[in-house]
Amino acid sequence: MLTTEANYQWYLIFVISDFILAGSGALLLLKKHQSAYVAPWISLILGSHFIALQFIFHDPSLYLLAALMISVSLGGLFRQIHARSALVGVSNGVILLGFALFNFGRFFWH
């Protein structure tokens with residue numbers, strides 16, 4: 001939970017680190033004219049972000065969310081398709097919506 005000072009500090013460290021990694025990686029990819037890989041890169045960083053958040057929120061379902069998002073990211077990086085950002089964006093949108101609905105149900109049925 002974010003109610004303790006230590007957890008909140010770790011949360012900020014994770015969020016700032018993710019922002020720096022995602023942003024600097026995206027800028028590097030854009031500089032190298034590899035814009036098709038920006039969405040999978042950011043998705044990979046955000047997917048790994050949920051592994052770190054599990055240690056703050058103590059919710060093992062975050063591992064599943066991370067694994068699904070990382071899988072989509074890797075698929076977007078290594079599959080030869082034209083619309084990587086569409087594949088990654090739509091897939092992660094469905095995953096995040098499903099995860100939100102799952103947790104909405106957990107909240108009300110416990």
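Just so it is clear, the structure is predicted and the values come from calculations on it, not from any experiment. (Residues numbered from 1 in each chain as written. Predicted model: local features only at pLDDT ≥ 70, side-chain atom pairs only at ≥ 80, totals over all residues. Heavy atoms only, no water.)

The helix and strand inventory of the chain stands at four helices and zero strands. When each of the 110 residues of the chain is scored for burial, the buried share is 30%. Pairs at least 24 apart in sequence give 51% of the contacts found in the chain among residues at least 6 apart. Summed over its atoms, the accessible surface of the chain is roughly 7,400 Å², and 75% of this surface lies on carbon and sulfur atoms. (Helix = DSSP H or I, 4+ residues; strand = E, 2+ residues; numbered from the N terminus. Buried < 20%, exposed > 50% of the residue type's maximum accessible area, 1.4 Å probe, protein only. Contact = heavy atoms within 4.5 Å. Areas by Shrake-Rupley, 256 points an atom, 1.4 Å probe, with all protein chains shown as cover.)

This part takes up the environment of Val 72. Inspection of the secondary structure assignment puts Val 72 in helix 3 (residues 61–78). Once the C-alpha coordinates of Val 72 and Val 15 are considered, the two residues, 57 residues apart in sequence, prove to be 21 Å apart. What Val 72 contacts, discounting residues up to four positions off in sequence, is Leu 87, Val 88, Ser 91, Asn 92 and Ile 95.

What follows concerns the packing of aromatic side chains. Inspection of every chain in the model, using the stated rule, returns four aromatic pairs. Consider the rings of Phe 104 and Phe 108, whose centres lie 4.7 Å apart with planes at 65 degrees: the pair is edge-to-face. Here Phe 104 and its partner Phe 108 are both found in helix 4 (residues 84–108), four residues apart, which amounts to about one turn of the helix. Residue Phe 104 is classed as exposed on the basis of its relative accessible area, which comes to 52%. Ring geometry for Phe 107 versus Phe 108: centroids 5.0 Å apart, planes at 85 degrees, classification edge-to-face. Just as Phe 107 is exposed, Phe 108 falls in that class too. Among the aromatic residues, ring-to-ring pairing joins Phe 104, Phe 107 and Phe 108 into one connected group. (Phe/Tyr/Trp six-rings, centres within 6.5 Å; stacked < 30°, edge-to-face > 60°.)

So, on to the side chain of Ser 43. With respect to the helices, strands and loops of the structure, Ser 43 is situated in helix 2 (residues 38–57). Leaving out residues up to four positions away in the same chain, Ser 43 has contacts with Met 69, Ser 73, Val 88 and Asn 92.

Right, let's get into helix 4. Spanning 25 residues, helix 4 covers 36 Å between terminal C-alpha atoms, matching the ideal 36 Å at 1.5 Å per step. By the burial criterion, the buried members of helix 4 are Arg 84, Val 88, Asn 92, Ile 95, Phe 99 and Gly 105. Structurally, helix 4 contributes buried residues whose contacts are with helix 2 and helix 3. (Expected span 1.5 Å × (residues − 1).)

With respect to the helices and strands, Arg 84 occurs in helix 4. One buried charged residue, Arg 84, remains without a salt bridge, the closest side chain of opposite sign being Asp 18 at 21 Å. Looking at Arg 84, its side chain comes within polar contact range of the main-chain oxygen of Arg 79, at 3.1 Å. (Lys, Arg positive; Asp, Glu negative; His and termini not counted. Salt bridge = Lys/Arg side-chain N within 4 Å of Asp/Glu carboxyl O. Polar contact = N/O pair within 3.5 Å; in protein donor to acceptor, adjacent residues only side chain to side chain.)

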